[in-house]
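# Reading the structure
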Amino acid sequence: MRRLQDRVAVVTGAGSGIGLATTRRFAEEGARVVCVDLDEASGSAAAAEVDGLFVKADVSSEDDVARTFQAAFDAYGSVDVAFNNAGISPPDDDSILETGLDAWRRVQEVNLTSVYLCCKHAIPYMRRQGKGSIINTASFVAVMGSATSQISYTASKGGVLAMSRELGVQFARDGVRVNALCPGPVNTPLLRELFAKDPERARRRLVHIPLGRFAEASEIAAAVAFLASDDASFITGSEFLVDGGISGA
Ligand code: NAD
């Protein structure tokens, strides 16, 4: 399927995990992909693989985000899709009783402020075109919370979900769709790092997933490609769960 033929798609966190799988899927679907990452080696490798553009940027910096969308427009003449996906995992002890204010703020900056900035700088291009699709990566924990003490992370993802709903409603008449992607646990470096520190946590998560396994990043990418495409033309402001059933269990 080439549902994104010649669309220009910006992917943040393109160098690893869900962002990398989506970069590949977008390219297979015909998109020109702008790969954004703080990590130069992995981000530029992703861009090289799909013959796309690499932009080194910190998504929590407004200057970097503005420069990213300008670079996408300058290189390819439009901004059709923004997959605002870069994020970090919770600090080691992310219980509300332990998390310090600096750690809390850093998680909000990278996971939530980044999405605010990416939407703020993508929407003007999309409005001018009268069309665009934004997919913001939240998480299943935004919907159901987490018993494993990750308060700064869960709060940041709840913010992403609420912001996506509001923007989806606000910009619907401009042709700009905005959806929150809520993955369940996905087999990526972020998750593996978390579970390496706490194998018991991995075991407990696994037993609660009705499908009985973690997702592969390519399965999340398939949902993102759908939301980005015209196949999802009547979907906006949604919480799009791709979670193996965990939030319903
Ligand atoms: P990952 O660690 O494999 O990839 C994240 C990428 O984001 C990396 O390439 C990293 O360099 C980049 N990045 C980090 N901070 C950045 C910054 N400030 N500016 C630009 N780039 C930055 O993670 P992943 O598992 O693919 O997660 C992607 C998104 O999915 C995150 O928002 C995460 O919270 C969310 N998520 C992941 C899971 C999971 O189980 N893996 C579940 C639900 C939601």
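Refer to the structure above for everything that follows.
Parameters and conventions
- Residues numbered from 1 in each chain as written.
- Predicted model: local features only at pLDDT ≥ 70, side-chain atom pairs only at ≥ 80, totals over all residues.
- Heavy atoms only, no water.
- Buried < 20%, exposed > 50% of the residue type's maximum accessible area, 1.4 Å probe, protein only.
- Helix = DSSP H or I, 4+ residues; strand = E, 2+ residues; numbered from the N terminus.
- Arc of directions from axis to C-beta.
- Contact = heavy atoms within 4.5 Å.
- Axes fitted to C-alpha atoms, helices over the stretch in contact; angles between N-to-C directions.
- Parallel < 35°, antiparallel > 145°, perpendicular 65-115°, else oblique.
- Left-handed = near helix turned anticlockwise from the far one by under 90°.
- Nonpolar A, V, L, I, M, F, W, Y, C, P; charged D, E, K, R; others polar.
- Near = heavy atom within 4 Å.
- Disulfide = S-S within 2.5 Å.
- Core = buried A, V, L, I, M, F, W, Y, C linked by side-chain atoms within 4.5 Å.

## With respect to helix 2 (residues 40-49)
Structural remark: α-helix, 3.6 residues per turn; residues separated by three or four positions point the same way. Every buried residue of helix 2 is accounted for by G43, A46 and A47. The buried residues of helix 2 all sit within an arc of 95 degrees when viewed along its axis, so they share a single face. In this structure, helix 2 carries A41 and A48 as exposed residues pointing more than 90 degrees from its buried face. Where the residues of helix 2 are buried, they touch helix 1 (17-28), strand 2 (32-37) and strand 3 (53-56).

## Quick word on the packing of helix 4 (residues 101-129) against helix 6 (residues 151-170)
For the pair helix 4 and helix 6, the least separation of the axes is 8 Å and the interaxial angle reads 15 degrees. Here helix 6 runs roughly parallel to helix 4, going by the angle between their axes. In this structure, helix 4 meets helix 6 at a crossing whose hand is right-handed. Residue-level inspection shows W104, V107, Q108, N111, L112, V115, Y116 and C119 of helix 4 in contact with helix 6, the latter providing I151, S152, Y153, A155, S156, K157, G159, V160, M163 and L167. Each residue belonging to the contact of helix 4 with helix 6 can be placed in one class, and the counts come to twelve nonpolar, five polar and one charged.

## Considering the site of the ligand
If you check the shell around the ligand, you find 29 residues, and the closest are S16, D37, Y153, V186 and T188. At the level of secondary structure, the elements contributing two or more residues to the shell around the ligand comprise helix 1, helix 6 and helix 7 (189-197). When grouped by side-chain class, the residues that make up the shell around the ligand number 15 nonpolar, ten polar and four charged.

## Comments concerning the state of the cysteines
In total, this model carries zero disulfides according to the counting rule given. Here C35 is not disulfide-linked; the sulfur of C118 is the nearest cysteine sulfur, at 14 Å. The class of C35 is buried, set by a relative accessible area of 0%. Between C119, a cysteine without a disulfide, and C118, which holds the nearest cysteine sulfur, the sulfur-to-sulfur distance is 7.1 Å. Here C119 falls in the buried class, since its relative accessible area comes to 2%.

## Examining the nonpolar core
Residues V10, V34, F69, V79, M126, I134 and V176 are the most contacted members of the largest nonpolar core, which totals 33 residues. Counting only elements with at least two residues in this core, the list comes to strand 1 (8-12), strand 2, helix 3 (62-76), helix 4, helix 6 and strand 6 (176-183). Among all residues touching V34, those that are not within four sequence positions of it are V8, A9, V10, V11, L53, V55, A72 and Y76. Counting residues in each nonpolar core, the second largest holds 29 residues, with A14, V50, A223 and A225 among its members.

Any functional reading would require information that these geometric values do not contain.
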